[in-house]
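Analysis of the macromolecular model
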There are 2 protein chains.
Amino acid sequence: MTPDTRLSHLVAVLKRRRCRLTPQRLAILRLLAQSVGHPSIEEIYERLQGEFPTMSIATIYKTVTLLKELGEVLELSFPEEGVKRYDGAKPYPHPHLICVRCRRILDPEIGSLTPLVETAGRLTGFRILSHRLDLYGVCPECQAREEGREWQAPAPLQQGQGGI
Amino acid sequence: MTPDTRLSHLVAVLKRRRCRLTPQRLAILRLLAQSVGHPSIEEIYERLQGEFPTMSIATIYKTVTLLKELGEVLELSFPEEGVKRYDGAKPYPHPHLICVRCRRILDPEIGSLTPLVETAGRLTGFRILSHRLDLYGVCPECQAREEGREWQAPAPLQQGQGGI
DNA sequence: CTTCATGCAAAACATTTGCAGCTGG
DNA sequence: CCAGCTGCAAATGTTTTGCATGAAG
């Protein structure tokens, strides 16, 4: 699903709920529909400063909370940095890969967790509703950078984002 | 590993580091060595009010932070309740099963995540260091309670903790 | 026009920090 | 003794809330 399609969907959802589409809201939706880097409230605020210099951070909190309640945004808390990050592109549970050095967040294409989750449900009698899997590590770029310090001649940076 | 063994280990770790074993600290260690229900700071504070009515909550924060830095306590943030919970019994990454109704936390005995984690590492080039898997659902007891509301005659509560 | 969103400021909240005094070893 | 811990209070940083103004529909 492209960011544009996703944006249209978010707009449609708000319209159906008879929520107002103010310019501020639309801009927030646009950022969340892409969710590049899984932005925090603060980051959304900063990225929109140019377009809306007077916008209050409370407005962003309120819009994000609204979308969260509608199930259209995934909230990811990162206590290490004391912030919550948001994914409006894929609002359903999916694994995240977090670089502990540069704090980049990737969506790795690993197999479904469904079998694992079903097993856990059977064993414990729980009715499983949701899940969260975070993998913490060092991304290829940061690994190269660290090796560079020790060895002086680092391996060339890999292209792309390290995904396949 | 029994709670007593775990407590001895924690005491030994602090001694090795030449940290002082005050009565307050020992009491905190005792609670964390069991970590029944994965207590929050506030819960540790309340449970120790009887024994140490004048103890400051800052003392608990400081001791828990110390143990966290020594790798002897696992910190689990739960933004939904706005608290962090602690596991001093199993300070290494392991899956958690959280009841969204009664907030109980269990350690399900599901298979290792290692293959999954290794796959993700290979596919993305990340050096994986750690992970966190939380499964959210409704525990057997809360399921029975909910059915009871609709049907009037609930199935008998299951014994044990729902685990196997 | 009416309702709802905005923006500001104050409040709420968990957590951290500074520091004087106490105490474990 | 005296380094390091305790307890209190103040500070911090994020998130929430109340309310008057303003704009969407």
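Residues numbered from 1 in each chain as written. Chains lettered and ligands numbered in written order. Predicted model: local features only at pLDDT ≥ 70, side-chain atom pairs only at ≥ 80, totals over all residues. Heavy atoms only, no water.

**Details of the protein's contact with DNA strand D**
Near DNA strand D you find 19 residues, and of these Y61 of chain A together with R20, T22, R25 and K62 of chain B are the closest. A breakdown of the atoms of DNA strand D within 4 Å of the protein gives sugar and phosphate a share of 63%. Note that a sugar or linking oxygen of DNA strand D is positioned 3.1 Å from one of the side-chain N or O atoms of Q24 of chain B. Between T54 of chain B and DNA strand D, the recorded distance is 3.3 Å, taken from a backbone N or O atom to a phosphate oxygen. (Near = heavy atom within 4 Å. Polar contact = N/O pair within 3.5 Å; in protein donor to acceptor, adjacent residues only side chain to side chain.)

**Things to note about the protein's contact with DNA strand C**
The immediate surroundings of DNA strand C are formed by 18 residues, with R20, T22 and K62 of chain A together with R20 and Y61 of chain B found nearest. Measuring from a phosphate oxygen of DNA strand C, one finds a backbone N or O atom of S56 of chain A at 3.3 Å. With respect to DNA strand C, the side chain of R20 of chain B contributes an N or O atom lying 2.7 Å from a base nitrogen. Secondary-structure elements contributing two or more residues to the surface near DNA strand C are α2 (23–34) and α4 (57–69) of chain A together with α4 (57–69) of chain B. (Helix = DSSP H or I, 4+ residues; strand = E, 2+ residues; numbered from the N terminus.)

**Some words on the sheet that holds strand β5 (residues 127–138) of chain A**
Here we have 6 strands laid out as an open sheet, ordered β4(A)-β3(A)-β5(A)-β5(B)-β3(B)-β4(B), and mixed in their pairing. Of all the strands in the sheet, just β4 (105–106) of chain A together with β4 (105–106) of chain B have a single pairing partner and so form its edges. Bridge analysis of strand β3 (residues 96–99) of chain B against strand β5 (residues 127–138) of chain B gives 4 bridges, and the strand direction is parallel. In the strand pairing of β5 of chain B, L97 of chain B is matched with L135 of chain B. (Pairing = 2+ DSSP bridges.)

**A word on the pairing of strand β1 (residues 74–78) of chain B**
All names here are of chain B. Within β1, 4 of the 5 residues are buried, leaving the element largely enclosed by the surrounding structure. Of the pairings in the sheet, the one linking β1 to strand β2 (residues 83–87) comprises 5 bridges and is antiparallel in character. Bridge assignment links S77 to a residue of β2, and that residue is K84. Counted between consecutive antiparallel strands, the loop separating β1 from β2 contains 4 residues, among which G82 sits at a positive phi close to 65 degrees. (Buried < 20%, exposed > 50% of the residue type's maximum accessible area, 1.4 Å probe, protein only.)

**Things to note about the packing of helix α2 (residues 23–34) of chain B against α4 of chain B**
Residues and elements named next belong to chain B. One way to put it is that α2 packs onto α4 with a least axis distance of 10 Å and a crossing angle of 60 degrees. With respect to α4, the element α2 is oriented oblique. The chirality of how α2 crosses α4 is right-handed. Contacts between α2 and α4 pair R25, I28, L29 and L32 from the former with T59, I60, T63, V64, L66 and L67 from the latter. A breakdown of the residues in the contact of α2 with α4 according to their chemical character gives 7 nonpolar, 2 polar and 1 charged. (Axes fitted to C-alpha atoms, helices over the stretch in contact; angles between N-to-C directions. Parallel < 35°, antiparallel > 145°, perpendicular 65-115°, else oblique. Left-handed = near helix turned anticlockwise from the far one by under 90°. Contact = heavy atoms within 4.5 Å. Nonpolar A, V, L, I, M, F, W, Y, C, P; charged D, E, K, R; others polar.)

**Description of the packing of aromatic side chains**
Within the structure shown, the criterion is met by 0 aromatic pairs over all chains. Here R132 of chain A stacks its cationic end above the ring of F78 of chain A, 5.3 Å away from the centre of that ring. (Phe/Tyr/Trp six-rings, centres within 6.5 Å; stacked < 30°, edge-to-face > 60°. Lys NZ or Arg CZ within 6 Å of the ring centre and 35° of its normal.)

**A few points about helix α1 (residues 3–16) of chain B**
Spacing of three or four residues puts side chains on the same side of an α-helix, whose turn is 3.6 residues. All names here are of chain B. Relative to the 20 Å expected for 14 residues at 1.5 Å per residue, α1 spans 20 Å between its end C-alpha atoms, a close match to the ideal helical length. Buried residues of α1: R6, L7, L10, V11, V13 and L14, and no others. Down the axis of α1, the buried set is contained in an arc of 160 degrees. They therefore lie on one face. Exposed side of α1, more than 90 degrees from the buried face: D4, K15 and R16 are the residues found there. On the buried face of α1, the contacting elements are α2 and α4. (Expected span 1.5 Å × (residues − 1). Arc of directions from axis to C-beta.)

**Structural notes on the nonpolar core**
F126, L133 and L135 of chain A together with F126, L133 and L135 of chain B are the most contacted members of the largest nonpolar core, which totals 26 residues. Of all the secondary-structure elements, those providing two or more residues to this core are β3 (96–99), α5 (114–124) and β5 of chain A together with β3, α5 (114–124) and β5 of chain B. In this structure, V11, A33, I60 and Y86 of chain A belong to the second largest nonpolar core, which totals 23 residues. (Core = buried A, V, L, I, M, F, W, Y, C linked by side-chain atoms within 4.5 Å.)

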